[in-house]
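Structure at a glance
The primary structure of each chain is shown beneath.
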Amino acid sequence: MTELMNQSELSKHIEALLFATGEPVQLARLAEILSVRIEEVQASLSLLSSHLNQGIILVHNGTQVSLATPPDTAETVAKLLGDPEDREVGQAGLEVLAILLYQGPTSRSTIDYIRGVNSTSSIKTLLLRGLIERVPESGGREMVYRPTIELMYHLGTQEPEQLPDFTVLRDKLAAFSNRQESVTPTSL
Amino acid sequence: MTELMNQSELSKHIEALLFATGEPVQLARLAEILSVRIEEVQASLSLLSSHLNQGIILVHNGTQVSLATPPDTAETVAKLLGDPEDREVGQAGLEVLAILLYQGPTSRSTIDYIRGVNSTSSIKTLLLRGLIERVPESGGREMVYRPTIELMYHLGTQEPEQLPDFTVLRDKLAAFSNRQESVTPTSL
Amino acid sequence: MPEFMVRVGTFDGPLDLLLSLIEERKLYINEISLGSVTDSYLTHISSQEQVVPLGETAQFVLVAATLLLIKSRSLLPTLEISPEEAGAIKELEDRLRRYQLVKQGARLLERQWGTKPLRLPARARIVRIPVFTPYGIQLQALVDSLRALVTLLPTESFRETATVTPLVSLEEMIDRLKHRVLSSVRLRFSEIKSSERIEVIVQFLALLELVKGGFVVAEQQMPFDDILFETEGVSTPRYGV
């Protein structure tokens, strides 16, 4: 059956899959189940995103995708289900998240260098809460941390790009990270 | 806010509500939450039904309504959810079950603390299988997880106290999780 | 010298402390502002008597060294600095600017956190799995997994710590030196020099402040030679002042 699916069919099946599992799914897993290439999954996701009605949105972080309710329905949904467990994140944790969201995947040593202080325990807590994950740097041998889809839910945003002041902060931070690569960090 | 909702807004909020609860909802309950009359809920449901994308459908029996996946996606959905590999509880799931059986009802943060890793997806899988349930902590406001009767059937045990090494293992777990209470998380 | 109240105890590393000192004064990050907060920085880390991890102490002291370099340069405009020293100053400024951006981002995230959360289904949709399956749960496997987990539970560990040696603040040192110079009229730097490296730098800066303030005059015969201080107005013949 799956061999003959066109993009609209694919998008329909992806929607059903995401709806039925109710949690984030790896793009690679979708491709496997539907016997198509990841590129086709991605194309179908764009299609799906544009066809979704307003009460359900698509959330993604690059490798994972899920359906969720949009931020402006949060209040109504809380009336039916109560407020979600939403423990606060401390200042140190917020700084680590800001680095990962606005600057992109970052190694622990770079996080320590940027904050001027050891971030091991903040990183550990964020990992425990499923807000960040540790993955091999793309094309490199170093391990880097990056935001999970779970983090997007708490921030009420479909993707990091929709965060306030995203491009401004990202570009300013990028200017530093390019410069830093060429300098040996002397003080940490 | 809800007082000024037009039909399209209503339909959006209903969609979000149905998506978030994951189970059938009484029309009367929707009307109550949205502060509108049942007739308006019904009208918005027709609108919603016509606007839904193909991968999710509206199921409706007169007094209750829910979202579901269309029949022609069942095979694909079964591949994701009914995958024998997925059906196994797995090592992570066993650990969560063991903690709940030996320690008694436990919050997610304590489960995470004991296992040293995030347990969200294991917990969700166990919930889905009906092996554990989520209930309010007795006398508290926190939500805790506990084993279901169905789990006891699977194990062929009438009560946790009959499990092997019950007291020894329970005491070790208790000693460890009590330590968590006394530690103030400093960095997060 | 203006007095500033420094909040004690809650700073997360030297950059956090330094940035808040600069932001309290509504200054831009540059050499001048860094020079102007040096004293407060030193006061803060010297008044900090709580136990902090060894690694962090080193971080605070490293930043202190760069600040003292900046301060010396502002007091002695002719002071030559090496390319590495210039690099260290530039690096500190860059790190602060970058950290300031990160804090901006953190504030935005804090404001947004949990206000309009996206929701997933509370309960996974019920998909009846047609054939009864025991989910692979066997009592033995379950007990084994718990036994293994219990042996892996971490025991309490202690972090390597060190107490920050209280440093003498610049103001304090100026007072102390003023007193000593005034009472002994003439003084050699070697006579009062502390054995602590950071403290020597503070002493040196304090003496420079005294010179700048016109309390004492200083004389050094040649570079790296001992420095002679005496009270202004002492009736000994002076040359070249």
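All values reported here derive from a predicted model rather than from experimental measurement. (Residues numbered from 1 in each chain as written. Chains lettered and ligands numbered in written order. Predicted model: local features only at pLDDT ≥ 70, side-chain atom pairs only at ≥ 80, totals over all residues. Heavy atoms only, no water.)

**What to know about the overall build of chain A**
Keep this limit in mind: The helix and strand labels rest on DSSP assignments: H or I over at least four residues marks a helix, E over at least two residues marks a strand, and numbering proceeds from the N terminus. Between buried and exposed lies partly exposed: a residue is buried under 20% and exposed over 50% of the maximum accessible area for its type, with that area taken using a 1.4 Å probe on protein chains only. The contact criterion used throughout is that any non-hydrogen atoms of two residues lie within 4.5 Å. Accessible surface is estimated by sampling points in the Shrake-Rupley manner with a 1.4 Å probe; for residues, cover comes only from the protein chains shown.
For chain A, the count of helices and strands is 9 helices and 5 strands. The N-to-C order of helical and strand elements in chain A reads α-β-α-α-β-β-α-α-α-α-β-β-α-α. Counting all 188 residues of chain A, 55% fall into the buried class. By sequence separation, contacts in chain A at least 24 residues apart represent 53% of the contacts at least 6 residues apart. About 7900 Å² of surface is accessible on chain A, with carbon and sulfur atoms providing 49% of the total.

**A few points about the overall build of chain C**
Looking only at helices and strands, chain C features 8 helices and 5 strands. Starting at the N terminus and walking to the C terminus, you meet the elements of chain C as α-α-β-α-α-α-β-α-β-α-α-β-β. Here chain C holds 241 residues, and the buried ones make up 45% of them. Relative to all contacts within chain C whose residues are 6 or more apart in sequence, the contacts with residues 24 or more apart total 64%. Accessible area of chain C: about 13600 Å², with a carbon and sulfur share of 56%.

**Comments concerning the nonpolar core**
As a rule of thumb, nonpolar side chains are buried together in soluble globular proteins. Just so we agree on the cut-off: We call a set of buried Ala, Val, Leu, Ile, Met, Phe, Trp, Tyr and Cys residues a nonpolar core when their side-chain atoms join them within 4.5 Å. The split into domains, and so the bounds of each, comes from an automatic or database assignment of domains.
Membership of the largest hydrophobic core comes to 66 residues, with the highest contact counts inside it found for Tyr102 of chain A together with Leu18, Tyr41, Leu96 and Leu109 of chain C. At 9 residues, helix 4 (residues 83-112) of chain C tops the list of elements feeding residues into this core. When residues of this core are assigned to domains, at least three map to each of domain 1 (7-73) and domain 2 (84-179) of chain A. With residues near it in sequence (within four places) discarded, Leu18 of chain C still touches Leu34, Val37, Tyr41, Val63, Leu67, Leu92 and Leu96 of chain C.

**Some remarks on the sheet that holds strand 6 (residues 143-147) of chain B**
Residue and element names in this part refer to chain B. Just so we agree on the cut-off: Strand pairing requires that DSSP identify at least two bridges connecting the strands.
A sheet is described by the order of its strands in space; here 3 strands give the open sequence 4-6-5, paired in antiparallel fashion. The sheet is open, and its two edges are formed by strand 4 (106-107) and strand 5 (132-136), each paired on a single side. As defined by bridge partners, strand 5 adjoins strand 6 across 5 bridges and the pair is classed as antiparallel. Paired with Pro136 across the strands is Met143, a residue of strand 6.

**A short note on helix 5 (residues 139-152) of chain C**
Residue and element names in this part refer to chain C. Note the cut-off: The length a helix should cover is 1.5 Å for every residue beyond the first. As used here, the arc is the angular range of directions from the helix axis to the C-beta atoms.
Spanning 14 residues, helix 5 covers 20 Å between terminal C-alpha atoms, matching the ideal 20 Å at 1.5 Å per step. For helix 5, every residue scored as buried is listed here: Leu142, Val143, Ser145, Leu146, Leu149 and Val150. All buried residues of helix 5 fall inside an arc of 160 degrees around its axis, so they share one side. Facing away from the buried side of helix 5 by over 90 degrees, the exposed positions are Thr151 and Leu152.

**Thoughts on the pattern of salt bridges**
What counts, and what does not: Think of a salt bridge as a Lys or Arg side-chain nitrogen and an Asp or Glu carboxyl oxygen that are within 4 Å of each other.
For the structure shown, the criterion picks out 25 salt bridges over all chains. Taking the shortest distance from any N to any O, the salt bridge between Glu133 of chain A and Arg146 of chain A comes out at 2.8 Å. Highlighted residues: Glu133 of chain A in strand 4 (residues 132-136) and Arg146 of chain A in strand 5 (residues 143-147), separated in sequence by 13 residues. The salt bridge involving Arg147 of chain C is made with Asp165 of chain B; its shortest N-O contact spans 2.6 Å. On the criterion of chain membership, the pair formed by Arg147 of chain C in helix 5 and Asp165 of chain B in the loop between helix 9 (149-155) and helix 10 (166-182) is interchain, its members lying in two chains.

**Thoughts on the interface of chain B and chain A**
Convention followed: Note on definitions: buried area is the accessible-area loss of two parts on being combined, 1.4 Å probe, summed for both. Nitrogen and oxygen atoms within 3.5 Å of one another constitute a polar contact, given that in protein one can donate a hydrogen and the other can accept it, and given that sequence-neighbouring residues count only through two side-chain atoms.
Tallying the contact residues gives 46 residues for chain B and 48 residues for chain A. For the pairing of chain B and chain A, the buried interface totals around 4300 Å² over both sides, and the portion due to carbon and sulfur atoms is 61%. Across the chain B-chain A interface, the total number found is 2 salt bridges. Taking the shortest distance from any N to any O, the salt bridge between Asp72 of chain A and Lys12 of chain B comes out at 2.5 Å. In this structure, the connection of chain B to chain A is made through 11 residue pairs in polar contact (both at pLDDT 80 or more). Listing elements by their share of the side of chain B that touches chain A, those giving two or more residues are helix 1 (7-21), helix 2 (27-34), helix 3 (38-51), strand 3 (64-68), helix 4 (74-81), helix 7 (108-115), helix 8 (120-128) and strand 6 of chain B. Among the elements that line the side of chain B that touches chain A, the one with the most residues is helix 1 of chain B, at 10 residues.

**Here we look at the packing of aromatic side chains**
Stated precisely, the cut-off is as follows: The aromatic pairing rule takes the rings of Phe, Tyr and Trp, using the six-membered ring of Trp, and pairs them if the centres are within 6.5 Å, calling planes under 30 degrees apart stacked, those over 60 edge-to-face and the rest tilted.
Here the structure, examined in full by the defined rule, presents 4 aromatic pairs over all chains. With a centroid separation of 6.0 Å and an interplanar angle of 45 degrees, the aromatic rings of Phe19 of chain A and Phe19 of chain B are classed as tilted. Placement of the pair is Phe19 of chain A in helix 1 (residues 7-21) and Phe19 of chain B in helix 1, with the two residues belonging to separate chains. Of the two residues, Phe19 of chain A and Phe19 of chain B, both sit in the buried class.

**Digging into the packing of helix 1 (residues 14-24) of chain C against helix 2 (residues 31-47) of chain C**
Residue and element names in this part refer to chain C. We apply this condition: Interaxial angle, 0 to 180 degrees, is taken between N-to-C directions of lines fitted to C-alpha atoms, where a helix line uses only the stretch in contact. Working definition: roughly parallel below 35 degrees, roughly antiparallel above 145 degrees, roughly perpendicular at 65 to 115 degrees, and oblique for all remaining angles. It is the rotation of the near helix from the far one that decides the hand of a crossing: anticlockwise by less than a right angle makes it left-handed, clockwise makes it right-handed. Lys, Arg, Asp and Glu make up the charged group, whereas Ala, Val, Leu, Ile, Met, Phe, Trp, Tyr, Cys and Pro make up the nonpolar group; the residues left over, Gly among them, are polar.
Running from amino to carboxyl end, helix 1 crosses helix 2 at an angle of 125 degrees, the nearest separation of the two axes being 9 Å. For the element pair helix 1 / helix 2, the angle class is oblique. The element helix 1 and its partner helix 2 pack so that their crossing is right-handed. Of helix 2, the residues touching helix 1 (which contributes Pro14, Leu17, Leu18, Leu21 and Ile22) are Ser33, Leu34, Val37, Ser40, Tyr41, His44 and Ile45. When its residues are assigned to classes, the contact of helix 1 with helix 2 shows 9 nonpolar, 3 polar and no charged.

**Some details on the interface of chain A and chain C**
Between chain A and chain C, the residue contacts involve 63 residues of the former and 34 residues of the latter. Buried area between chain A and chain C, both sides added, is near 4300 Å², and the carbon and sulfur share of it is 62%. Scanning the region where chain A abuts chain C turns up 2 salt bridges. Inspection of the region where chain A meets chain C yields 11 residue pairs in polar contact (both at pLDDT 80 or more). For the side of chain A that touches chain C, the elements supplying multiple residues, two or more each, are helix 1, strand 2 (57-60), strand 3 (64-68), helix 4 (74-81), helix 5 (91-103), helix 6 (108-115), helix 8 (149-155) and helix 9 (166-181) of chain A. When residues in the side of chain A that touches chain C are grouped by element, the largest group, 10 residues, is from helix 5 of chain A. Split by residue class, the side of chain A that touches chain C holds 37 nonpolar, 15 polar and 11 charged.

**Points about the sheet that holds strand 2 (residues 57-60) of chain B**
All names here are of chain B. Strand order in the open sheet formed by 3 strands is 1-3-2, with antiparallel pairing between adjacent strands. Across the chains shown, the open sheet's two edge strands, defined by having one partner strand only, are strand 1 (25-26) and strand 2. With 4 bridges joining them, strand 2 and strand 3 adopt antiparallel strand pairing. Bridge pairing in strand 3 places Val59 opposite Ser66. In the packing of helix 1 onto the sheet, contacts are made with strand 1, strand 2 and strand 3, and the angle to strand 3 comes to roughly 75 degrees.

**Regarding the pairing of strand 6 of chain B**
When strand 4 of chain B meets strand 6 of chain B, the two strands line up antiparallel, connected through 2 bridges. Its bridge partner being in strand 6 of chain B, Ser107 of chain B is matched across the sheet by Val144 of chain B.

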